[in-house]
Each structure stands twice: as structure tokens, then as C-alpha cells.
Amino acid sequence: MTLVTIPSSQRAAFDLVLSCARAPNRPTTAQAVDQAARRVEDWHQVLRVTRRHRIAGLAHQALAASAAPVPDFVRETLARRAGAIARAGLMLANESIKLDAAFRAAGIEVGFLKGPVLSMQLYGDIGRRHSRDLDLFVDPADLTAATGVLQRLGYRAAGGMAVDGVSDWVQRLNQWDFRHDENGTLIELHWRLCPNAELAGPLAATLVWTDADIGSGRTIRTLSAEPLAAYLCLHGGLHAWSRLKWLADIDVLMSVDPGAPQRLLALADRVGLQRPVGQALWLASELLDMPLDAVTRDALANDRTVRKLGEVALDTITTGDGATELEETALGTTRVRLSHFALGRGWRHWRAQALLALASGEDLKLIRLPKHLAFVYALLRPVFWAIRKATALKAGGARPAARQDERAVR
């Protein structure tokens, strides 16, 4: 595939990052890493892209095993970043164990989505996969009790939302943020798998939960099997796969055995997630060389909507030669939000997505209106969007170029 948005001078650096994101147990991965590393000229760009896509842990492991001539400052920087990821993963794992015990004591079933437990599932290493927060999943009926548990543990709801106020927005939102008063841990408490209930509902009915190892002989409840892969495809699709770490997750899961992609596609057919799953498999095949049988490859390539979704994702992945955050571009997230309409089929999906476009959790954090005035958010949405975009652009533009380079190699 030709990534036309990346100039040839930076393509070697991006190719190396792609190679590092491949499933490590695939026989061709080590050779791809070695060959790509020998073509790199701009190693600072490699560091910038790995940081942007949050795969420093994967890159560190891949290049540590390579005999290619990698500069010492690159190895040292990646080792330092990987160490930070490992320490954060250990802290989040310990917090997960504490949270799991508290929810069990309260009689609430809680599931952990992604985070350090996924790193253990995929790599057998709590620090390989970058995690910045914990995603908890509870039944909507347990939402008020769950927020009470978090409050007792020292967590406070984002935007000053009262604990009992979160439940007022259960139909409009799918999650709310909580942050610990002392240790700063960020939690996203989910009661639906994604904002659009038409996308989330069918998959939720098929979820398979298991107790998975999170280290030190402790286990917590998390997703497994094809429903885990389908959820990760849905999550990645909603972000238009703007970070390669999410695509790397799918590549590892699909590397379990040759039949994994077909089983995932079969589940996608049953729960209406053909498009986000197709987008994920097409991208992983094109960018990470994930093996797909010829029939599946042709079917995905000939699906016009899947191909268009894939092109949107390629744009987000390669923004600024793969090193620039979408929020730092003028309309970086707009095309991503528009792509949500294509992730599902039928008028119910489109109607639900249109209603979601009228307000968001970010709007609620800026200003709190009584529930009976919720319709006003639709009128204020453009104003809120402009405020957030101006703030993001100002923050990004305020950094001198030299400062950005320093930040990229820390």
C-alpha cells in the first residue's frame, strides 16, 4: 500500500513503527523490523511517531531483539518510556485489584475493559501495552451503586457532577469520568459499550466474561474470545484507529490461529458490526501484514463502505506524517465523527447517531443544565465545539518547535 500522505523522506521511519506494531509471534515480524530499521535516516521521527501512537513498549521490545544498527539515544529513550509504561501499568493493576475487591464487597459485578489486564492477555506482560486509565463496565441498573463505591474510595466525578446526577444521563451517555483525589487515577465508568445503543446493544448480549490474570496470582473480570475482539474493533472504529496501539491489539488477537478472522467476521454478522470489524481487518492486513485468506481480502477490498472507512482511518493514522495529534489540526476530529454514521446500517442507527451529535459528555462538563432543558445543548453545541477546538489549537500552537522536539524524545 502507498501511504501518499507521508513523504518518502519520512516513510522509512513510519514503516519501522508499523513493523514494531505487528504481532510479535508472527514469524515475519522480526525480519520486517530488522529490514525497516536499516532504512531509517530520521530516528527522531521514529521516536515522535511511537510516542504519538503510544507503542513505545512494543517498539522497545522489538528493537531490543533486533541486530539492526539502532542509535543508542533511541534505545535509551524507548527503554525509558517503556519503563514508565510498565510502572503505570503496575500502578493501574494494583488499583484494579483494589477496585475489584470493593465492587465484589458491594455485590456489584464489574468488568474491566482494556487497560493492564488486556496487556496481560495479549502479551503476558503488564507493561507492554500503554494504558493511561481504567475502563470499568457495570450494568445500568448498578450505576448509582457503582458511583457510590467510587466515591467512597476517594474518586470524584468529572465536571463536578453529583454522584446521583450521573444516572440522570444514562440514556444520553455511555460513560462518565472519575478521578482519584490523591493518586490521580482516571476511571471511565461505562454502562454501555459505546454511545450509540444501536451499535452497542447486540454485542452486549453476546459478551463473554472471564477471570483473567493481572499479576501476582490475582485475577479480575474481563472480556474474552471473539466478543473481546469485536469490542476492540468497535472502540477502534469510533476513534478511526487514530492510534496504532489499537490496531496492534487486533493483530495480536487474530494471530492466535488462522481461523480467528473468520470467527470474528461471523460474530460481526450476527451483531451488526460488519463495518467496524471489516475496517479493522482491512487496516491490519494492509498496514501490519496480518494474514487474511484471499476470499476475505477481496470481500473487504470490494466493500465500498469498508474501504472508505479504511481511508478515513489511514488519514487519522498518518496525520502529520504519523506524529501529530488530531486535536492539534483544524478539523482533525470532524471527519472521525462523521465516519460514525457509516459504522452501522439502517435508519435507527443514523437516527441514534444524529441525536448523539447534538450533545456530549464534554458539553455537560462545560455547563450543567437541568435535564428538562437538555434540548438546549443542541443549540450550544457549535459554541462548545469552537471553545474546545480553539483551546486545543492554542495549546498545540503555543509550543515552540524546539520544545516540541524535546517533548517528543523524552
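Criteria and thresholds
Throughout this description, residue numbers start from 1 for each chain and increase along the sequence as written. Predicted model: local features are reported for residues with pLDDT of at least 70 only, side-chain atom pairs are reported and counted for 80 or more only, and whole-chain, interface and lining totals are derived from all residues. By convention in this description, side-chain values take in all heavy atoms of the structure and omit both hydrogens and water. Note on conventions: DSSP H or I runs of at least 4 residues are helices, E runs of at least 2 residues are strands, and numbering of each starts at the N terminus. The accessible surface values rely on the Shrake-Rupley method and a 1.4 Å probe; as for residues, cover is taken only from the protein chains in view. Any helix carries an expected span of 1.5 Å times its number of residues minus one. The contact definition used throughout considers only heavy atoms, calling two residues in contact when any of these lie within 4.5 Å. Relative accessibility under 20% of the residue-type maximum defines a buried residue, over 50% an exposed one, and the middle range a partly exposed one, all with a 1.4 Å probe and only protein chains included.

Now for the overall build of the chain. Looking only at helices and strands, one finds 20 helices and seven strands in the chain. When the accessible surface of the chain is totalled, it reaches about 18000 Å², and 55% of it is carbon and sulfur.

Counted at 1.5 Å a residue, the expected span for helix H12 (residues 260–271) with its twelve residues is 16 Å, and the 17 Å between its end C-alpha atoms agrees. Summarising the contacts, the buried residues of H12 are in contact with helix H9 (197–204), helix H10 (225–238), helix H11 (244–254), helix H13 (274–288) and helix H14 (294–302). Backbone geometry just after H12 places Gly-272 at a positive phi near 75 degrees.

Okay, the side chain of Ser-131 next. Tracing the chain through its elements places Ser-131 in the loop between helix H6 (115–123) and strand E2 (134–137). Since its relative accessible area comes to 10%, Ser-131 is described here as buried. When residues no more than four places from it in sequence are discounted, the contact partners of Ser-131 are Ala-88, Leu-92, Gly-115 and Pro-116.

This part takes up the environment of Arg-192. Take Arg-192: it is sitting in the loop between strand E5 (186–190) and H9. Residues Arg-192 and Pro-140, spaced 52 residues apart in sequence, show a C-alpha to C-alpha distance of 7.6 Å. Other than its neighbours up to four places away in sequence, Arg-192 contacts Phe-137, Val-170, Gln-171, Arg-172, Leu-173, Asn-174, Ala-197 and Ala-200.

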